[in-house]
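# Fold and geometry: a report
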Amino acid sequence: MNNEDLFNLDNKIAVVTGAGGELAGAISRGLAARGVKVAILDLDGDKAASCVDKITEAGGVAKAFTCNVLEEKQLEDCKSQIKDLWGDADFLLNGAGGNHPKATTEKEFLEISDLDDMDGQ
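Summarised in this report is the structure supplied together with it. Note that the structure is predicted; figures quoted are calculated from it, not measured.

Attention now moves to the nonpolar core. Counting 14 residues, the largest nonpolar core has Val-16, Leu-31, Val-38, Ile-40, Ile-55 and Ala-62 as the members making the most contacts within it. Of all the elements in the fold, those that place two or more residues in this core are strand 1 (13-17), helix 2 (22-33), strand 2 (37-42) and helix 3 (45-57). Top contributing element to this core by residue count: helix 3, with four residues. Once residues lying within four places of it in the same chain are set aside, the contact partners of Ile-40 are Val-16, Ala-19, Ser-28, Ala-48, Cys-51, Val-52, Ile-55, Ala-62, Lys-63, Ala-64 and Phe-65. Counting residues in hydrophobic clusters, the runner-up holds nine residues, among them Ile-13, Ala-39, Phe-65 and Trp-86.

What follows is the structure, given as structure tokens:
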């Protein structure tokens, strides 16, 4: 197997959460440029649609899904729609909540005791 085969992403299916944001949106555009069909999930449907517009204008394939990834029912609905549209996803990139203050930490390394501290949250 050569490197071109190893990194061939043509017709793979990616689900990207938080893809209406800058970082996950850029990753989505990059994947689409490599031939990946990208399911763009975001809490903000307008931002998801904007990302899809950029991808399709560049010749890629993408579909927007308004979805709160904290709601299991919404995720299940998106999964069904994506499967009906393209088939099973090949991979997931989670960018949801990436710039939310509660999604960051000042700690550089996770310690076992940190897990115990999370029980009350």
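Turning our attention to helix 2. Spanning twelve residues, helix 2 covers 16 Å between terminal C-alpha atoms, matching the ideal 16 Å at 1.5 Å per step. Restricting attention to buried positions, one finds in helix 2 the residues Ala-24, Gly-25, Ser-28, Leu-31 and Ala-32. Take helix 2 and look down its axis: the buried residues cluster within an arc of 125 degrees, on one side only. Relative to its buried face, helix 2 has exposed residues pointing more than 90 degrees away, namely Glu-22, Leu-23 and Ala-33. Those residues of helix 2 that are buried are in contact with strand 1, strand 2, helix 3 and strand 4 (91-94). In the stretch just after helix 2, Gly-35 is the one whose phi turns positive, near 95 degrees.

What counts as what
Residues numbered from 1 in each chain as written. Predicted model: local features only at pLDDT ≥ 70, side-chain atom pairs only at ≥ 80, totals over all residues. Heavy atoms only, no water. Core = buried A, V, L, I, M, F, W, Y, C linked by side-chain atoms within 4.5 Å. Buried < 20%, exposed > 50% of the residue type's maximum accessible area, 1.4 Å probe, protein only. Helix = DSSP H or I, 4+ residues; strand = E, 2+ residues; numbered from the N terminus. Contact = heavy atoms within 4.5 Å. Expected span 1.5 Å × (residues − 1). Arc of directions from axis to C-beta.

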